[in-house]
Amino acid sequence: MIGLISATAAGAAARDRLAAAWPERTRVYDGPVGDAVRAAFAECEQVVCFLATGAVVRLIAPLLGDKASDPGVVCVDEGGRYAVSLVGGHGGGANELAREVGEALGAEPVVTTATDAVGMSGLDTLGLPAEGDVAGVTRALLDGEPVALDAEVPWPLPPVPFSAEGAARVRLTDRAVESLPGEVLLRPPSLVVGVGASKGAPVDEVLELVRGALRDAGLSPRSVGELATVDAKAEEPGIVEAAARLGVPLVTYPAEELAAIEVPHPSDAPLAAVGTASVAEAAALVRGGELLVPKRKSTREDGRPAMATCAVARRPARGRLAVVGLGPGARDLLTPRAKAELRRASVLVGLDQYVDQIRDLLRPGTRILESGLGAEEERARTAVAEARKGQAVALIGSGDAGVYAMASPALAEASDDIDVVGVPGVTAALAAAAILGAPLGHDHVSISLSDLHTPWEVIERRVRAAAEADIVVTFYNPRSRGRDWQLPKALAILAEHREPTTPVGVVRNASRPDGTARVTTLTDLDPATVDMMTVVTVGNTATRDVAGRMVTPRGYRWQEAAS
């Protein structure tokens, strides 16, 4: 919950705007400001004060305890111009909150945390528990000193400018080890604990079994990613409470799925009880991995039979492939989600000219794998291969990556051993249509005239089908130096079914500073003025030129009424 506090009418107005925008996330604190701040500080995870920064500093100073537990505090001036991350930038989430408040109120976020100021991922913002000399190693990174990464367990990380060697070190490990001087331990959620239990098994018995198994194997409890069991035990109180106390999700699987997993210690007892010869080991291994702790039973001081079993496996790291559409080129048409994925990726794969468009958005430490024109399949294979190594990868393409771009070859290479995320982008057809007017107001189709990968006979059949169906057509890849006859041929096919005066829009470099656009007709279009940076949109029989803009009515009834 986010506590909102103000002292004046102007501050209250901005406060109420934020409360209206986030009704489920915020709580307004009225009354004397000092009392309100103390109450919000004790009750909320984050606080936004619509007060002067000096006043907020004095109010919260006696309340500050530890940055790991203090709420994040953001201060907004009464004019609503700035949202200042004051306390708890990383641990309390104040830096991100300042950005969110800024977006909601039209204010400029002010973030002074050193890593954020230079666009670097902080070691305490990588999404993994961090132990050791976080401040010292972060300072080394900021000072440009070499910091080595020792990845004992492969796991996808955001970009950090690590070196092959260095006096300072970051160790990615799930082992129960203590950090050394000048070292940070990052704990990946690489361990899966499979648990089985008899009806009514006490939570303390389950917890002691799990903790003992981890301790004896030299594994860190902070790297437990989940507890896993059979569906029949999904509501077993001892297991449910054990997961809650460990702070991890409880994941369950059908008995038939667990029964198909080969395990070293099957048993008749669970087979009779829940339909699988293994619960603990099978649940730990059902998503693959290495069994680190075979099935073991709990012990009871009263000598009665054990009521719980567990096993521990190290699951393989799942790499992440984000296929990102960059839009038509204008920075303001690059979506916020695309920007977030670019900043999250530790490896970027793309065409060199597209990489140049967004190079300034990448975080320090991002590894860039770029290549020239004509290497689409190679780039797709490279991106998938990097993801399979456990990396967080962004594969970029112009427009929407799923439209004549990189998503198709990449997903043809990918399998279910990596996570794939699609990030939509504004396509060239949509960008051009917005410039031309509203040519896509009714049914429309996009057709690429490049016959490098598609036989011309197939392309021609599609053009004829669109012509006969009276569908608006946008031509991608219309003409190049080596392909100068396809566009005239396609226009001639359309002309068999449409009037010579049919509007045609020609847009080059849509949305870019050097972009051009014009509306002509099917008869007057000169194909020689078209190149590969151009999209050509041919209207249907209802499309009209209205004040120099292409307009296709949403329905034919409109056309009849207008006539």
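Residues numbered from 1 in each chain as written. Predicted model: local features only at pLDDT ≥ 70, side-chain atom pairs only at ≥ 80, totals over all residues. Heavy atoms only, no water.

K.L.:
Would you take a moment to explain the sheet that holds strand β4 (residues 72-76) for this structure?
P.N.:
Backbone-to-backbone hydrogen bonds pair the strands of a sheet. The strands run either parallel or antiparallel. With mixed pairing, the six strands of this open sheet are ordered in space as β2-β1-β3-β4-β5-β6. With one partner strand each, in any of the chains shown, β2 (26-29) and β6 (108-110) form the two edges of the open sheet. On average, adjacent strands in this sheet sit at an angle of 25° to one another, irrespective of strand direction. Note that strand β1 (residues 2-6) and β2 share four bridges and pair parallel. Residue pairing for β2: Ile 5 is matched across the bridge by Tyr 29. (Pairing = 2+ DSSP bridges. Helix = DSSP H or I, 4+ residues; strand = E, 2+ residues; numbered from the N terminus. Axes fitted to C-alpha atoms, helices over the stretch in contact; angles between N-to-C directions.)

K.L.:
Any chance you could explain helix α8 (residues 237-246) here in plain terms?
P.N.:
What sets the pattern is the α-helix's 3.6 residues per turn: residues three or four places apart point alike. Among the residues making up α8, those that are buried are Gly 238, Ile 239, Ala 242 and Ala 243. Projected down its long axis, α8 shows its buried positions confined to an angular sector of 130°, all on one face. Turned more than 90 degrees away from the buried face of α8, the exposed residues are Pro 237 and Ala 244. Buried residues belonging to α8 abut β11 (191-197), α7 (203-217), β12 (224-230) and β13 (250-253). After α8 finishes, the residue Gly 247 shows a positive phi value of roughly 75°. (Buried < 20%, exposed > 50% of the residue type's maximum accessible area, 1.4 Å probe, protein only. Arc of directions from axis to C-beta. Contact = heavy atoms within 4.5 Å.)

K.L.:
Looking at this structure, how should I read the nonpolar core?
P.N.:
General note: in soluble globular proteins, nonpolar side chains tend to be found buried as a group. Core analysis: the biggest nonpolar cluster contains 24 residues, and Val 193, Val 195, Leu 227 and Val 312 have the highest contact counts within it. A per-element tally of this core places α7 first, with seven residues. Apart from residues no more than four positions distant in its own chain, Val 195 is found in contact with Val 206, Val 210, Leu 227, Ala 228, Thr 229, Ile 239, Val 279, Ala 280, Thr 309 and Cys 310. With 21 residues, the next largest nonpolar core counts Ile 459, Val 473, Phe 475 and Ile 493 among its residues. (Core = buried A, V, L, I, M, F, W, Y, C linked by side-chain atoms within 4.5 Å.)

K.L.:
Explanation requested: the packing of helix α17 (residues 456-468) against helix α18 (residues 486-495) in the structure shown.
P.N.:
For any two helices packed against each other, the geometry is given by the interaxial angle and the distance between the axes. Running from N to C, α17 and α18 point in directions that differ by 30°, and their axes come no closer than 9 Å. One way to sum up the angle between α17 and α18 is to call them roughly parallel. For the crossing formed where α17 meets α18, the hand is right-handed. Residues Trp 456, Glu 460, Val 463, Arg 464 and Ala 467 of α17 form the contact with α18, whose participating residues are Gln 486, Lys 489, Ala 490, Ile 493 and Leu 494. Looking at the contact of α17 with α18 residue by residue, the classes come out as six nonpolar, one polar and three charged. (Parallel < 35°, antiparallel > 145°, perpendicular 65-115°, else oblique. Left-handed = near helix turned anticlockwise from the far one by under 90°. Nonpolar A, V, L, I, M, F, W, Y, C, P; charged D, E, K, R; others polar.)

K.L.:
Where do I start with the side chain of Thr 537 in this structure?
P.N.:
Looking at the element boundaries, Thr 537 is found in strand β26 (residues 534-538). The class of Thr 537 is buried, set by a relative accessible area of 1%. Engagement of the side chain of Thr 537 in a polar contact is seen with the side chain of Thr 474, the distance being 3.2 Å. Ignoring sequence-local partners within four residues, the contact set of Thr 537 consists of Leu 436, Pro 439, Leu 440, Val 472, Val 473, Thr 474, Pro 503, Val 504, Gly 505 and Met 550. (Polar contact = N/O pair within 3.5 Å; in protein donor to acceptor, adjacent residues only side chain to side chain.)

K.L.:
Even after reading the chapter, I still don't get the sheet that holds strand β19 (residues 392-397), so can you show me in this structure?
P.N.:
Spatial ordering of the open sheet is given by β18-β17-β19-β16-β20, a layout of five strands whose pairing is parallel. The sheet is open, and its two borders are formed by β18 (367-371) and β20 (419-423), each paired with just one other strand. The mean inter-strand angle of the sheet, taken between neighbouring strand axes irrespective of direction, is 15°. Pairing analysis gives three bridges linking strand β17 (residues 347-351) to β19, with the strands arranged parallel. For Val 349, the partnering residue across the bridge sits in β19 and is Leu 395. Contacts from helix α12 (residues 336-344) reach β16 (320-325), β17, β19 and β20 within the one sheet, and its direction differs from that of β16 by about 140°.

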